[in-house]
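Tertiary structure, described
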Amino acid sequence: MSASATPTEGTQTTSSTHRDAVKAHGVDPDDVRKKREEFVVTVRKNKREETVNKRRNIVARSSAPAAFSSIKEMANACRSPNYEMCLLGATEIRKVLSVESNAPIDELIATGILPTITKFLTMMDHPKLQLEAAWILTNVASGTSANIEEVIKSGALPVLISSLSMGGPDLRVQTIWALGNIAGDNNEHRNAVVYMGIMQPLLRILTVDINLPILIKNSTWTLSNIFRHKNPAPEFDMVKGAIALLPSLLVYPDPDVQVDALWCTVYCSDCGEEFLDSVIKAGVFPHVANFARTGKINLQIPAFRIFGNAVSGNHAQTNAAIEAGAIKLFMGLLESEKKFQQKEACWALSNICAGTSGQLAELFKHGAIAALCDKFTTADFEIKKECCWAICNAITSSSPEQVAILLRCNILANMAQLLDANDIKLVAAILDSLKAILQTGEGEKPNPLIVKLEDADVPEKLEHILGSHPSEFVAEKARSLMDNFFLPASEEQAVDPTPTTTTQIPFRFAPPSPAQFSFP
């Protein structure tokens, strides 16, 4: 089910049918967030398209002649003092709104009938009329934000929420659907639903009514919509009770419930550090890891998103993901045939690369660094860039010994090639990484890593940057490298070739252990 969904004819019956400090040494935090948001938008679009088709199972309309010729006539029927006429009018309104597209929602609102429809929802002695009213409100709430505002202004929110506790199963399915449409629209409407008191009856449904699959399905989707919008996130104290229910929903024996529970976990884990801590404490990671291994993309996408959120959190949250097997899982994703999954793997591994020394050691231990380096060599340009971000983070976090391992993976030629990329932030990150590489060899004279960079044509690339790069920020980094590590050709020719005698060499103490490390 999408963030806003419309019930259609034939679907009515139920029981009878480092975030606070982004972990990227060489990466701009805003750039990381922007890339992540672009991925999120793509995922949500895919989710919307998939679930709308699943929920809107259009049933052929009856060939019987309509009882009314216009929406206005239907609305007038609902104002009749006669119950049967009201029921007929509401039924016809529900039918004309239960279409795949272009439902006449605005036309209905223009009749001013919504307050009357909301009143029908309170008529406990007339359950058929209640159900038709709930369905109408659900369809209206599947429209625009302005349409939802009209539903709220009609006084529907408190009535819908009370129906969750007082109505029968069919009515509760429809009302929770309507509330899900409202909550999924935007932060303001989500807050209106939460502050009106949805959480208590919703959590009761999710813990008590487990034998009503369709009610659990709609309720899980509605819960995901409550966490969907994070700017700002819902008030933690008002929704925290739902997080403990996620493990049971993830193993509920209905694949649709599992998918919506996964997306609920995605949104919740992306709402902030406190939310992510609660998700981890609830014990969802073993279930998430199992979903990531299924090979089913509708389960894999949210599962990897959850681990991606965790490894962009603080060190403890990243460790929790690593302990759940996230590194191996992302290594598998790196080999996916789908480019967006390869990007997601690079993004997540890049965040781990920028973590603690222990986390970086885990990447080396499991072969993730070698896998990134291999992909860096063999992938197309787009994925090569993503691998480069990860490798740059690894370099700036590595010990001299780890840098030596990276260099044995032949990364320098590819890094030098990307110095020509039309991406200022990436080029700056590469220059920072090259500086870090050179600094690890400063304990030896001459610095053995200068030769390696010269073999990769880095000095020529630096001279090109100095001569033509549009960014002074990048040019300054290139200038610093040239001045401190590479001698321009003109100065090299001016050097006195006469060798210096041994007696002229000043005595120097042996440098610490990094200087004694031999680079290949």
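Below: a short report on this structure. Think of each chain on its own: its residues are numbered from 1, step by step along the sequence as written. Given that this is a predicted model, residues contribute local features only at a pLDDT of at least 70 and side-chain atom pairs are listed and counted only at 80 or more, while totals for whole chains, interfaces and linings are drawn from all residues. In computing side-chain properties, one takes all heavy atoms of the structure into account and sets aside hydrogens as well as water.

1. Here we look at the overall build of the protein
Counting its regular elements, the protein contains 32 helices and 0 strands. Burial classification: accessible surface area is computed with a 1.4 Å probe over protein chains only, and a residue below 20% of its type maximum counts as buried, one above 50% as exposed, and the rest as partly exposed. For the protein, the proportion of its 520 residues judged to be buried stands at 53%. Residue burial considers only the protein chains on display, and all accessible areas are found by Shrake-Rupley using a 1.4 Å probe. A total accessible area of about 22900 Å² is found for the protein, and carbon and sulfur atoms account for 53% of it. Helix and strand assignments come from DSSP, with helices taken as H or I runs of at least 4 residues and strands as E runs of at least 2, each series counted from the N terminus.

2. Considerations on the pattern of salt bridges
We define a salt bridge as a side-chain nitrogen of Lys or Arg found within 4 Å of a carboxyl oxygen belonging to Asp or Glu. Tallied over the full model, the rule gives 16 salt bridges. In this structure, the salt-bridge partner of Lys240 is Asp237, at a minimum N-O distance of 3.6 Å. Of this pair, Lys240 and Asp237 are both found in helix α13 (residues 236-243), 3 residues apart, which corresponds to roughly one turn of the helix. Notably, a salt bridge pairs Lys343 with Glu382, separated by 2.2 Å at the nearest N-O pair. Linking Lys343 in helix α21 (residues 339-353) with Glu382 in helix α24 (residues 381-397), this pair joins segments that are 39 residues apart in sequence. On the basis of relative accessibility, which here comes to 33%, the residue Glu382 falls in the partly exposed class. Salt bridges sharing partners connect three or more residues here, namely Lys339, Lys343, Asp380 and Glu382.

3. Side note on the nonpolar core
We call a set of buried Ala, Val, Leu, Ile, Met, Phe, Trp, Tyr and Cys residues a nonpolar core when their side-chain atoms join them within 4.5 Å. Counting 162 residues, the largest nonpolar core has Ile198, Phe227, Phe307 and Leu434 as the members making the most contacts within it. Among the elements that make up this core, the one with the highest residue count is helix α27 (residues 424-440) (10 residues). Contacts of Leu434, omitting those with residues within four sequence positions, involve Leu412, Met415, Leu419, Leu453, Val458 and Leu481. Contact definition: two residues touch when any of their heavy atoms are within 4.5 Å.

4. Some points on the state of the cysteines
The bond known as a disulfide is covalent and runs between the sulfur atoms of two cysteines. When two cysteine sulfur atoms lie within 2.5 Å, the pair is treated as a disulfide. This model, assessed by the stated rule, comprises 0 disulfides. With no disulfide of its own, Cys373 lies closest to Cys409 among cysteine sulfurs, the gap being 3.9 Å. Sulfur of Cys387: no disulfide; nearest cysteine sulfur belongs to Cys346 and is 3.7 Å away.

5. Focus: the packing of helix α12 (residues 213-228) against α13
Axis definition: a line fit to C-alpha positions, over the contact stretch in the case of helices; interaxial angles, taken between N-to-C directions, run 0 to 180 degrees. Running from N to C, α12 and α13 cross one another at 140°; their axes reach a closest spacing of 11 Å. The pairing of α12 with α13 is recorded here as oblique in orientation. The handedness of the crossing between α12 and α13 is left-handed. For the pair α12 and α13, the contacting residues are Leu223, Ile226 and Phe227 in the first and Val239, Ala242 and Ile243 in the second. Only Asp, Glu, Lys and Arg are considered charged in this grouping, and only Ala, Val, Leu, Ile, Met, Phe, Trp, Tyr, Cys and Pro are considered nonpolar; every other residue, Gly among them, is considered polar. Taken together, the residues that form the contact of α12 with α13 break down as 6 nonpolar, no polar and no charged. Angles are sorted into four bins: roughly parallel if under 35 degrees, roughly antiparallel if over 145, roughly perpendicular if 65 to 115, and oblique for all others. Each crossing gets its hand from how the near helix is turned against the far one by less than a right angle, where anticlockwise is left-handed and clockwise is right-handed.

6. Describing the packing of helix α9 (residues 169-183) against α12
In contact at an axis separation of 8 Å, α9 and α12 are set at 15° when each is read in the N-to-C sense. With respect to each other, α9 and α12 are oriented roughly parallel. Considering how the two elements wind past one another, α9 and α12 form a crossing that is left-handed. Contact residues: α9 offers Arg172, Val173, Ile176, Trp177, Leu179, Gly180, Asn181 and Ala183, while α12 offers Ile214, Leu215, Asn218, Ser219, Trp221, Thr222, Asn225 and Ile226.

7. With respect to the side chain of Gln130
Within the fold, Gln130 resides in helix α6 (residues 127-140). When sequence neighbours within four positions are dropped, the list of residues in contact with Gln130 reads Phe120, Leu121, Thr122, Met123, Met124 and Leu171.

8. Thoughts on the packing of aromatic side chains
The criterion for an aromatic pair is that two Phe, Tyr or Trp rings (for Trp, the six-membered ring) have centres within 6.5 Å, with stacked assigned to planes under 30 degrees apart, edge-to-face to planes over 60 apart and tilted to the rest. The tally for this structure, following the rule as stated, stands at 5 aromatic pairs. Summarising the aromatic geometry, the rings of Phe236 and Phe275 are spaced 5.0 Å apart at their centres and angled 85° between planes, so their arrangement reads as edge-to-face. On the criterion of sequence distance, the pair formed by Phe236 in helix α13 and Phe275 in helix α16 (residues 273-282) is long-range, its members being 39 residues apart. Three or more aromatic residues link up through ring pairs in this structure, and these residues are Phe227, Phe236 and Phe275.

9. Section: a negative patch on the surface
Distance thresholds for patches are 9 Å for like charges and 5 Å for nonpolar side chains (Val, Leu, Ile, Met, Phe, Trp, Tyr), applied to residues having over 30% relative accessible area and no salt bridge. Neither His nor the chain ends contribute to the count of charged residues, in which Lys and Arg are positive and Asp and Glu negative. Where a charge lies is defined by one atom per residue type, namely NZ (Lys), CZ (Arg), CG (Asp) and CD (Glu). Taken together, the side chains of Glu454, Asp455, Asp457, Glu460 and Glu463 present a region of like negative charge at the surface. Sorting the residues of the negative patch by element identifies α28 (448-455) and α29 (458-468) as the ones contributing at least two each. Tracing the backbone shows Glu463 in helix α29. Accessibility expressed as a relative area gives 43% for Glu463, which makes it partly exposed.

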